[in-house]
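Fold and contact review
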Amino acid sequence: MIMRGDTINTQFKKGVLELIVLLCVSKKDMYGYELIEEVSKVVDVNDGTIYPLLKRLTNEKYADTYLEESTEGPPRKYYKITVLGTDRLQELIDSWTTFASSVNQFIKESEKHE
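Residues numbered from 1 in each chain as written. Predicted model: local features only at pLDDT ≥ 70, side-chain atom pairs only at ≥ 80, totals over all residues. Heavy atoms only, no water.

Of all hydrophobic cores here, the largest spans 24 residues; its most connected members are Val21, Leu22, Leu35, Val39, Val45, Ile50 and Leu57. Put simply, the parts of the chain that give this core at least two residues each are α1 (10–27), α2 (32–39), α3 (47–59), β3 (73–81) and α4 (83–112). For this core, the element with the highest residue contribution is α1, accounting for eight residues. If sequence neighbours within four positions are ignored, Val21 has contacts with Leu35, Val39, Ile50, Leu53, Leu54 and Leu57. (Core = buried A, V, L, I, M, F, W, Y, C linked by side-chain atoms within 4.5 Å. Buried < 20%, exposed > 50% of the residue type's maximum accessible area, 1.4 Å probe, protein only. Helix = DSSP H or I, 4+ residues; strand = E, 2+ residues; numbered from the N terminus. Contact = heavy atoms within 4.5 Å.)

Another aspect to go through is the environment of Leu84. The residue Leu84 is located in helix α4 in this model. Here the alpha-carbon distance between Leu84 and Trp96, two residues 12 residues apart in the chain, equals 18 Å. Among residues more than four places away in sequence, those in contact with Leu84 are Glu60, Lys61 and Tyr62.

The way to describe two aromatic rings as a pair is by their centre distance and the angle between their planes. Taken as a whole and judged by the stated rule, the model has three aromatic pairs. With 5.5 Å between their ring centres and 75° between their planes, Tyr31 and Tyr78 make a pair best called edge-to-face. Placement of Tyr31 in strand β1 (residues 30–31) and of Tyr78 in strand β3 is noted, with a sequence separation of 47 residues between them. Among the aromatic residues, those joined into a cluster by ring pairs are Tyr31, Tyr66 and Tyr78. Its end group placed over the ring of Tyr31, Arg76 keeps NZ or CZ at 4.1 Å from the ring centre. (Phe/Tyr/Trp six-rings, centres within 6.5 Å; stacked < 30°, edge-to-face > 60°. Lys NZ or Arg CZ within 6 Å of the ring centre and 35° of its normal.)

On their own, these measurements won't tell you what the molecule is for.
Dropping the structure here:
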């Protein structure tokens, strides 16, 4: 399900971005613009949202970076998940699954009483 613009609450988006970014880099190492494109398939984001998050993930040792030469300009900074990042990703998945399940259950129960 793609959620864009006003269809998703900004706070929801902020809360799930770390999870989405870590999921992306757990599948394969990615550079910033590539990450923006991938994350945008789920939620609408821009550089001003992703790059500060990547910096924080790197500072917290959830991601690491390396440079790789590019045929289309200067070297690209790639982001890869660390062992700590993999642990963090699992925590976020577990939290999200529990949270989403609780909210979905509450919605179902609320609909029964309408």
